[in-house]
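# Residue-level structure breakdown
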Amino acid sequence: MRPRHFTSLVTRLTCAALAAAVTTLASVPASAAEDPDLIFRRSTVFKLLSPNDKLATYGIDDPEIQGVACHFTVPERGGFKGWLGLADEVSDISLACRQIGPIRFKEKLEQGDDMFSKRRSMFFKKMQIVRGCDAKRNVLVYMVYSDRLVEGSPKNSTSSVPIMPWGAADPAVQKCGEFFK
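Since we're looking at a predicted model, the values are computed, not measured. For every chain, the first residue of the written sequence is number 1, and numbering continues from 1 onward in sequence order. Local features in this predicted model are restricted to residues whose pLDDT is 70 or higher, and side-chain atom pairs enter the listing and the counts only when it is 80 or higher, whereas totals over whole chains, interfaces and linings include all residues. Side-chain measures here rest on the full set of heavy atoms in the structure, leaving out hydrogens and waters.

## Notes on the packing of aromatic side chains
Ring geometry is summarised as follows: Phe, Tyr and Trp rings, the Trp one being its six-membered ring, pair when their centres sit within 6.5 Å, and such pairs are stacked at plane angles under 30 degrees, edge-to-face over 60 and tilted between the two. In this structure the tally under the stated criterion is 4 aromatic pairs. Taking 5.5 Å as the distance between ring centres and 25° as the angle between the ring planes, the aromatic pair formed by Tyr58 and Phe72 counts as stacked. With Tyr58 in strand β2 (residues 53–61) and Phe72 in strand β3 (residues 65–76), this residue pair connects regions lying 14 residues apart in the sequence. Just as Tyr58 is buried, Phe72 falls in that class too. Taken together, the ring pairs in this structure connect Tyr58, Phe72 and Phe116 into an aromatic cluster. Here, a charge over a ring is recorded when the distance from Lys NZ or Arg CZ to the ring centre is within 6 Å and its angle to the ring normal is within 35 degrees. Of note, Lys108 hangs over the ring of Phe179, and the distance from its end group to the ring centre comes to 5.8 Å. A cation sits over an aromatic face here: Lys118 above Tyr58, 5.6 Å from the ring centre. Helix and strand labels come from DSSP, where a helix needs a run of H or I of at least four residues and a strand needs a run of E of at least two; each type is numbered from the N terminus. Accessibility here uses a 1.4 Å probe with only protein chains present; expressed as a share of the type maximum, an area under 20% marks a residue as buried, one over 50% as exposed, and anything in between as partly exposed.

## Observations regarding the environment of His71
Among the secondary structure elements, His71 is positioned in strand β3. Separated by 27 residues in the primary sequence, His71 and Arg98 place their C-alpha atoms 8.7 Å from one another. Discounting chain neighbours no more than four positions away, the residues touching His71 are Ile39, Tyr58, Gly59, Ser94, Leu95 and Ala96. Whether two residues are in contact is decided by their heavy atoms: any pair within 4.5 Å suffices.

## Here's the deal with unusual backbone geometry
Even without being a glycine, Asn138 presents a positive backbone phi close to 55°. Structurally, Asn138 is set in the loop between β6 (125–134) and β7 (139–148). Residue classification places Asn138 among the buried positions, given a relative accessible area of 8%.

## Quick notes on the state of the cysteines
Here, the word disulfide means a covalent bond between the sulfur atoms of two cysteines. Only a pair of cysteine sulfur atoms within 2.5 Å counts as a disulfide in this structure description. For the structure on display, the rule yields 2 disulfides. Disulfide pairing is shown between Cys70 and Cys97; the S-S distance is 2.0 Å. A torsion of 105° about the S-S bond marks the disulfide between Cys70 and Cys97 as right-handed. With Cys70 in strand β3 and Cys97 in strand β4 (residues 94–105), this residue pair connects regions lying 27 residues apart in the sequence. Each of the two residues, Cys70 as well as Cys97, counts as buried. Bridging Cys133 to Cys176, the disulfide has an S-S length of 2.0 Å. Disulfide Cys133-Cys176: the torsion about the S-S bond is 70°, which places it as right-handed. Taken together, the positions of Cys133 in strand β6 and Cys176 in the segment after β8 (156–162) put the pair 43 residues apart, joining distant regions of the chain. Residues Cys133 and Cys176 agree in their burial class; the two are buried. Along the chain, the cysteines that take part in disulfide bonds pair up as 1-2, 3-4, counted in sequence order.

Put into structure tokens, the structure is as follows:
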């Protein structure tokens, strides 16, 4: 049988390590772009004594391409684990991106660059929105997926944004193939 002070020491060390991990994760930047705007949430599973499971819809502007916005919906776990930020979120994420104004590229981009990323669990899971260019069709392509440190998920969603003139004041349509490497 272990002495009581040994068990107390192990408990204190475990709590200190957990607190250090939470502090470290809180200081790590969560995204390639600014934080998305919450549009709304809807409860999906009722929990009596803890927060409900929800679907949350967010909007975000592409930080490198003016005139494009994306909306994505993610499940958010409730319960005590979700409330404490310890739940491993599922990978079911939907995505829709649209042209919302004249499209202007701010700089040269790489195919498959991250537009946005956010942690979906305490340590190992991350959601990412990446972008690319279909030069033949002059279409921006966005894909959302989640990955883990060891094993990713094949669940994903894709959205396309054809680059079109934005009214009579925007006669010069940029070609995405000229801005992607």
